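A closer look at the structure
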Amino acid sequence: MQPQPSQPSQPSQRLPSQRQIEVKLSRDLGFFDITMIGVAGMIGAGVFALTGIAAGVAGPALVIVFLLNGIVATITAAAYAELGSAMPGAGGGYVWIKETLPSSFGFLAGWVDWFAHSVACSLYAVTFGAFMAEILVGSVMLPREILAKLSAFLAVTFLTYVNYRGVKETGRVGGFVTVLKVFILVLFIAFGIYKTFSNPNWIMQFTTPSFAPFGMVGILAAMGLTYIAFEGYEIIVQSGEEVKNPEKNIPRAIFASLWIAVVIYILIAFSVLGGVEAEIPTWQYLGGLAELGLIRVSDQIMPFGNFILLIAGLISTISAMNATIYSSSRVSFALARDGYVSDKLALINDRTKTPQYAIFFTYIIISFMALTLPIEAVAAATDIMFILLFIMVNFVLIILRLKAPTLKRTFKVPLVPYIPLVAIILQIIIAFFLITEVEHGFLALASSVGWILLGVVVYLGYSKEKEKTKQEEEYKTVFEEKVIEEKPYKILVAIKNPAVAKKLVTFARLLAKARDGEVIILSIIRLPAQTPLTAGRKYVKEQKEFLEELINLPEVSDVPIGGILKIAHNIPEAILNAIEEEKADLLILGWRGRTFRKDYILGSTIDPVLFKAPCDVAVIRFEPSLEVGKLRKILIPTAGGPHARLAAELALDLNKVLGSESTLAHFAANEQERERAEKHIQDTADIEMPEEKVKFERLIKISRNKIEALVREGDNFDAIMIGASNQPFLKNLIRGAFPETIAKKTTKTVIMVRKKIEIAEFLRGFKFWEKK
């Protein structure tokens, strides 16, 4: 086939008539994942440390404070939901402001966002330090204040190193921690409500001396102090480039996570105000205990409450610190990538693949704020910065409604511009009372203004000139286009190891030729969670050259073949996404023949793909000396079932192209099993193929050791093709024993195949309950 001139194309689409390599970001996060991200960001230091302080500011009206904060946050969250679903890229508010408002506002948004997330991490660190000091005081000969600051500093230092190394808290672990926190708090709420209503005079707890002893001023000041507790939706949209079906999942996750947090905060406030008894009004008692208020009164609410909430608080703040080091370093990385600050902050460490300088400078900000400011000032500075960012986002919503009315929006804020203007006004009011009425409010304002003034110096002295020459690279590209025919049968080949990539592609080519199909090669660049996916561009050139080499192999020139290069944090999810995007019929994976982890059967990449892939799957461990084009003899052990029939179908495909001979074999323990063995072989041989049927050789072997018999017989063949079955002989495939044992005992090529079937049928077929 001769190359033809390139046709005009859209980079983000796979063209039906062209050979190409696409570069894509992998979307790995589902609705539950991002909802947990939002909940984790909102149920952290706020509920554990700020409840007591806010109670001292607002009195029993704290329950109203959380409700009103939830309403105000919902209005701004709606703006995030609309913009996040319409423009689901990485960066969230910073990116929207940069793309909509003048360049100076874009810089300001990123600069403020960086500081906001960094200082939020400082708040979590200060809270962690206070909790650790509560545990260590008395056993360590240091004053409580020094213990708290030292613990905060050591925690931030350790987690910064963790982020630099690229070690990540996995989504599963993060989700578990969040669910555990919610469970503990719900348990606390249940005990608290029970104790409250057990007191016949419980109403007095909320009316002494009055429901709102400091009036509306106290309510607004407490709202400002605790507003940070409801900013978790900012973290959700920051991960927009990694979210599956972002148009629907981002708005749903934003509102779900926000109101899960609001309800929990309201019930916590009600439980602690109503269930705690003291010589002075409960709200005064809590206020005097400050950030340790909730912890120290918890023994009155539930058994072992102090210990349980201390542990929950420590786990929560560690998780939150890790997440905000990650999110704030991402913002600084984005600022450098866009030319606003030094390119050094966008450099990726070749060994750890993390933005080392972005992480380091973020660490400096976090440590400085945690060590120098009291907790009220840290919380207030965080609130001020997030409020400023939220105000700019609401302005962007109004402007985009005017400038881009045709932008596809799956969620729309009603009554624009009135609703966002109400959000802006309310947040200005909250900020005013936060600064003027909360202790250390002016100190928080001074630190925030100082950071903004530093930003002005950086922008005028560096960013303004640098951005003129900064060229943003096109991220999704089409590479090497050749005219081909669209084929109905697609084979996706996921490659990792260059040593076997050529063999995998050649094997796929044989099947594609037999079925008049096409081959799509998938290569994945994996980055640590700390590193934005856009940072993967520095590795794209090398990987594209490798894909180009595979595409241009002489051995595969007679079939349509293209390539996809994905940049992802999670390799199995990236493979599964590619299957759905390309509507692949067959996935081919390489396998080393063993796994080093006891918690996986075939491997940490293969296992989740094998169980979840919505297509047929073939996993291959090649004999080192095998030439794929010389697969002449294939042994197919069978115990019947759809997986064995798939193995037979693929063997017939090889017969069409190579003239290969295939033998269906069953290994029985005794002669009494011979009749059943013949039925299994016949069941596998009776496959419906559109072409003329090819006869299989048939073999029944009697042996007490079926594995050893199979391995000995396999020595006479070029490859052993195993299909999962619902019969006892191959039942262990799903448990890992059978394929790994065969691969260890033979040097021959081992091909394991799994037929796409409904999951219920799949599980029924394996009959896990059947005794051996």
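To be clear, the structure that these remarks concern was listed above.
Rules behind the numbers
Within each chain, residue numbers correspond to sequence positions counted from 1 in written order. Given that the model is predicted, a residue must reach a pLDDT of at least 70 before its local features are reported, and side-chain atom pairs must reach 80 or more before they are shown or counted; all residues, however, enter totals for whole chains, interfaces and linings. Heavy atoms from the whole structure form the basis of all side-chain values; hydrogens and water molecules are not counted. A run of H or I in DSSP becomes a helix once it reaches four residues, and a run of E becomes a strand once it reaches two; helices and strands are each numbered from the N terminus. Three labels apply to residues, based on accessible area from a 1.4 Å probe with only protein chains included: buried if under 20% of the type maximum, exposed if over 50%, partly exposed otherwise in between. Surface accessibility follows the Shrake-Rupley procedure with a 1.4 Å probe radius. Residue values consider only the protein chains on display as shielding. Only when DSSP finds a minimum of two bridges between them are two strands counted as paired. Nonpolar cores were defined as sets of buried Ala, Val, Leu, Ile, Met, Phe, Trp, Tyr and Cys residues, with membership established by side-chain atoms within 4.5 Å. In this analysis, two residues are considered to be in contact whenever any of their non-hydrogen atoms come within 4.5 Å of each other. Salt bridges are defined by distance alone: a side-chain nitrogen of Lys or Arg within 4 Å of a carboxyl oxygen of Asp or Glu. The axes used here are C-alpha line fits, helices contributing only the stretch in contact, and every angle between their N-to-C directions lies in the interval 0 to 180 degrees. When residues are sorted by character, Ala, Val, Leu, Ile, Met, Phe, Trp, Tyr, Cys and Pro go into the nonpolar class, Asp, Glu, Lys and Arg into the charged class, and all the rest, Gly among them, into the polar class. Classification of ring pairs rests on two measures: the distance between centres of Phe, Tyr or Trp rings, Trp counted by its six-membered ring, which must be within 6.5 Å, and the angle between planes, read as stacked under 30 degrees, edge-to-face over 60 and tilted in between. We call a charge positioned above a ring when the Lys NZ or Arg CZ atom is no farther than 6 Å from the ring centre and deviates by at most 35 degrees from the ring normal. Convention used here: angles under 35 degrees read as roughly parallel, angles over 145 as roughly antiparallel, angles from 65 to 115 as roughly perpendicular, and any remaining angle as oblique. When the near helix sits turned anticlockwise from the far one by under a right angle, the crossing is termed left-handed; a clockwise turn instead gives a right-handed crossing. In this scheme, patches are assembled from residues that exceed 30% relative accessible area and form no salt bridge. Like charges are connected within 9 Å, while nonpolar side chains (Val, Leu, Ile, Met, Phe, Trp, Tyr) are connected within 5 Å.

A few words on the overall build of the protein chain. A count of helical and extended segments in the protein chain gives 26 helices and 12 strands. Among the 772 residues that make up the protein chain, the fraction classed as buried is 59%. Accessible surface computed for the protein chain: about 31,600 Å², of which carbon and sulfur atoms make up 61%.

The subject of this paragraph is the pairing of strand β7 (residues 616–621). A regular strand carries its side chains on alternate faces of the sheet. Most of β7 sits out of view: 6 of its 6 residues are buried. With burial as the criterion, each face of β7 is covered, one bearing D616, A618 and I620 and the other bearing V617, V619 and R621. Pairing between strand β6 (residues 586–590) and β7: 5 bridges, direction parallel. Bridge assignment links L586 to a residue of β7, and that residue is D616. Bridge count for β7 against strand β12 (residues 749–754) is 5 bridges, and the pairing is antiparallel. Pairing of I620 across the sheet is with I751, part of β12.

So, on to the environment of E678. Here E678 is to be found in helix α23 (residues 674–685). Taking C-alpha positions, E678 is 9.6 Å from A639, a pair spaced 39 residues apart along the chain.

Another aspect to go through is the nonpolar core. Formed by 148 residues in total, the largest nonpolar core has its most connected members in F48, Y80, I254 and M321. Excluding residues within four positions of it along the chain, I254 makes contact with A77, Y80, A81, Y233, I236 and V237. In this structure, A501, L504, A685 and I687 belong to the second largest nonpolar core, which totals 61 residues.

As enumerated under the stated definition, the model contains 16 salt bridges in all. Notably, a salt bridge pairs E82 with R409, separated by 2.8 Å at the nearest N-O pair. Of this pair, E82 sits in helix α3 (residues 62–86) while R409 sits in the loop between α15 (375–403) and α16 (418–437), and the two are 327 residues apart along the sequence. Accessibility expressed as a relative area gives 1% for E82, which makes it buried.

Right, let's talk about the packing of helix α12 (residues 293–301) against helix α13 (residues 305–337) for a bit. Contact pair α12 / α13: the axes reach a minimum separation of 7 Å and the direction vectors enclose 145 degrees. Contacts between α12 and α13 involve L294, I295, R296, S298 and D299 on the former and, on the latter, G305, N306, L309 and L310. A per-class count over the contact of α12 with α13 returns 4 nonpolar, 3 polar and 2 charged.

Looking now at the environment of L389. For L389, the position within the fold is in helix α15. Sequence spacing of L389 and G93 is 296 residues, and the spatial spacing of their C-alpha atoms is 7.3 Å. Excluding anything up to four places from it in sequence, L389 contacts Y80, I97, A109, V112, D113 and E234.

Going through the model one piece at a time under the given rule, you end up with 28 aromatic pairs. Every member of this aromatic cluster is reached through a ring pair, and the members are F107, W111, W114, F115, Y340, W451 and Y459. In this structure, K633 packs its charged tip against the face of F717, placed 5.0 Å from the ring centre.

So, about the packing of helix α5 (residues 103–136) against α13. Between α5 and α13, the least distance of the axes is 8 Å, while the angle of their chain directions is 160 degrees. One way to sum up the angle between α5 and α13 is to call them roughly antiparallel. Both α5 and α13 take part in a crossing whose hand is left-handed.

This part is about unusual backbone geometry. Backbone torsion omega between T208 and P209 reads -10 degrees, so that peptide bond is classified as cis. Summarising the element assignment, P209 is placed in the loop between α7 (171–198) and α8 (215–226). The omega torsion across V416 and P417 is 15 degrees, close enough to zero to call that bond cis. Take P417: it is sitting in the loop between α15 and α16. Not every positive phi belongs to a glycine, and D516 is a case in point at roughly 55 degrees.

Moving on: a nonpolar patch on the surface. Among the surface-exposed residues, I64, L67, I71, F211, W259, V263 and L267 lie close enough to one another that they form a single nonpolar patch of about 510 Å² accessible area. Contributions of two or more residues to the nonpolar patch are made by α3 and α10 (246–275). Here F211 lies in the loop between α7 and α8.

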